[in-house]
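A look at the structure
In case you want the letters, here they are:
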Amino acid sequence: MRDTEFYEALLGLRDPWRVTEVKLDSSAGRVDVWVEARSGVKWSCPECQKKASVYDHSEQRVWRHLNTCQFGTYIHARLPRVQCPEHGVKQVSAPWAESGSRFSLFYENWVIDTLKECDVSGVNRLTGTSWYEAWNIVEKAVARGLSRKNSLIPDYLGIDEKSFAKRHRYETLVCDLSNGTVECVLEDRGQDCLEGYYGQFSKEELAGIKAIAMDMWDPYIAATKDLVPDAETKIVFDRFHVIRQVTDALDKVRRQEHKMLMAKGEQCLKGTKHLWLMNEEKIPDWRKGDFDEIRKLKLKTARAWAIKESLRHFWDYSYPKNAEKYFKRWYFWATHSRLKPVIKAAKTLKRHLPNILTYFKHRITNAVTEGLNSKIQTVKQMACGFRNRKNYRKAILFHCGGLDLYARASSETGAFLDTTICGMAHAKL
């Protein structure tokens with residue numbers, strides 16, 4: 001097999017495209033491949049797809065391709081331009097690359113696969129791309145994925161915040177709970193940003209939402225009630241955030257009591273913070289004996305802990321009426337505990353009780369969103385943080401958006417794509 005035939009097979013080229021020359025430069029560590037189209041072929045206009053004759057050819061362009069063994073491979077070609085009666089002179093797309101790209105489909109998809117596994121700096125070392133080239137591929141991949149995405153609003157939404165940096169700088173995550181993906185990343189966590197997301201959809205589409213899991217953040221509640229029909233029956237306050245209200249109150253009681261006991265020279269609460277915050281069944285066996293002894297001391301912290309543990313049984317009920325009766329008994333106990341942080345937390349939950357009880361209708365939580373939050377935190381740590389909020393949002397959608405990121409040829413000459421890249425794009429090349 002001749003070298004030109006060999007590279008035609010590697011590139012998946014079909015008539016009218018062919019390889020005319022292959023040049024190896026061992027000292028430079030590169031292979032250059034020249035590709036051209038057979039003369040006399042009529043091409044489709046990129047705008048209207050009508051057949052038209054060749055007008056002329058563009059200047060020679062170069063695309064970076066996957067390595068041939070240890071040598072970098074570059075594709076050279078002058079793309080034909082057609083004379084369309086309706087749209088004038090238009091350039092035909094290359095079958096081995098997307099329009100405007102400096103990389104072949106294989107190379108760009110390999111970089112995408114590598115970006116999924118490591119940070120941009122690692123991709124630079126492994127693929128030889130620059131920092132700007134790698135981020136450009138991320139940007140194009142996310143834009144490509146969003147353009148291919150179903151525009152319908154998910155049936156079950158999860159809304160949560162994610163910190164971007166210190167000093168209370170946040171992003172709002174809108175997640176598809178059914179598919180476990182990030183639907184949208186909104187700058188800040190105010191009412192306006194969430195209203196902007198809802199504003200993309202019609203009233204009929206918003207009415208199709210079955211339930212929305214969120215924490216008890218007033219701007220999220222207000223935006224949802226303003227724009228989503230029947231929002232009062234669809235908002236579900238996440239059980240994790242409900243329990244955290246009481247857990248935070250418990251920790252305040254512990255800190256206050258520990259400070260008071262230390263002033264008296266007593267250290268019985270020292271080193272016990274995480275024992276009080278754990279669920280009872282999660283306490284390690286080797287600490288259970290000590291913990292039981294501390295609880296017998298009749299501390300305020302022990303009472304707060306018992307109230308916190310009791311609330312966990314609220315979620316065991318199957319019917320909202322029974323759960324509401326249990327909550328009323330728990331509320332009476334909490335508000336008569338003489339523990340100010342616990343009383344305040346109980347009153348907060350009572351104020352939001354209708355949308356806590358909606359859990360028993362929809363049975364959704366923000367656990368999926370919290371899992372995505374954890375994945376996003378890993379992405380942040382790999383990147384050693386983000387200074388650019390735009391890049392941060394792109395990285396979230398790239399890694400957690402469930403998007404179709406891969407490049408595909410769009411022209412009629414894309415036999416290269418059909419025969420080869422669909423099978424290899426998702427493999428680790």
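Now for a description of the structure that goes with this document. (Residues numbered from 1 in each chain as written. Predicted model: local features only at pLDDT ≥ 70, side-chain atom pairs only at ≥ 80, totals over all residues. Heavy atoms only, no water.)

Here we look at the environment of Thr181
As a reminder, the rule being used: Put simply, DSSP H or I for four residues or longer makes a helix, DSSP E for two residues or longer makes a strand, and each gets a number counted from the N terminus. Two residues form a contact once any of their heavy atoms are found within 4.5 Å.
With respect to the helices and strands, Thr181 occurs in strand 12 (residues 181–187). Every residue in contact with Thr181, bar those within four places of it in the chain, is listed here: Cys175, Asp176, Leu372, Cys400, Gly401 and Gly402.

Structural notes on the nonpolar core
The cut-off we apply is this: What is meant by a nonpolar core is a set of buried Ala, Val, Leu, Ile, Met, Phe, Trp, Tyr and Cys residues, joined one to another through side-chain atoms within 4.5 Å. Between buried and exposed lies partly exposed: a residue is buried under 20% and exposed over 50% of the maximum accessible area for its type, with that area taken using a 1.4 Å probe on protein chains only.
Leu194, Tyr197, Tyr198, Phe314, Trp330 and Leu349 are the most contacted members of the largest nonpolar core, which has 65 residues in total. With seven residues, helix 8 (residues 239–263) is the largest single contributor of residues to this core. Judged by nonpolar contacts, the second largest core, of 35 residues, contains Val120, Tyr392, Ala395 and Cys400.

Topic: the sheet that holds strand 14 (residues 235–237)
In sheet architecture, strand pairing relies on hydrogen bonds along the backbone and comes in two forms, parallel and antiparallel. To keep things clear, this is the line we draw: A pair of strands is considered paired only if DSSP assigns at least 2 bridges between the two. With axes taken as lines fitted to C-alpha atoms, and helix axes fitted only over the stretch in contact, angles between N-to-C directions fall between 0 and 180 degrees.
Here five strands make up an open sheet; going across it, the order is 12-11-10-13-14 and the pairing mixed. The open sheet has two edge strands with one neighbour each: strand 12 and strand 14. On average, adjacent strands in this sheet sit at an angle of 30 degrees to one another, irrespective of strand direction. The pairing of strand 10 (residues 156–165) with strand 13 (residues 211–214) spans three bridges and is parallel. Across the sheet, residue Leu157 finds its bridge partner in strand 13, namely Ile212.

Observations concerning unusual backbone geometry
Following Asp15, the chain continues into Pro16 via a peptide bond in cis, with omega recorded as 15 degrees. Note that Pro16 resides in the loop between helix 1 (3–11) and strand 1 (17–25). Even without being a glycine, Lys298 presents a positive backbone phi close to 55 degrees. Its place among the elements puts Lys298 in the loop between helix 10 (285–295) and helix 11 (300–312). A positive phi is found at Arg338, a non-glycine position, where the angle reads about 65 degrees. You can see Arg338 is positioned in the loop between helix 12 (320–335) and helix 13 (340–351). Take Arg338: its relative accessible area is 67%, and that puts it in the exposed class.

Concerning the environment of Met214
Mapped onto the secondary structure, Met214 falls in strand 13. The class for Met214 is buried, based on a relative accessible area of 0%. Once you skip the residues sitting within four places of it in the chain, Met214 turns out to touch Ile159, Tyr220, Ile221, Thr224, Ile235, Val236, Phe237, Asp238 and Asn366.

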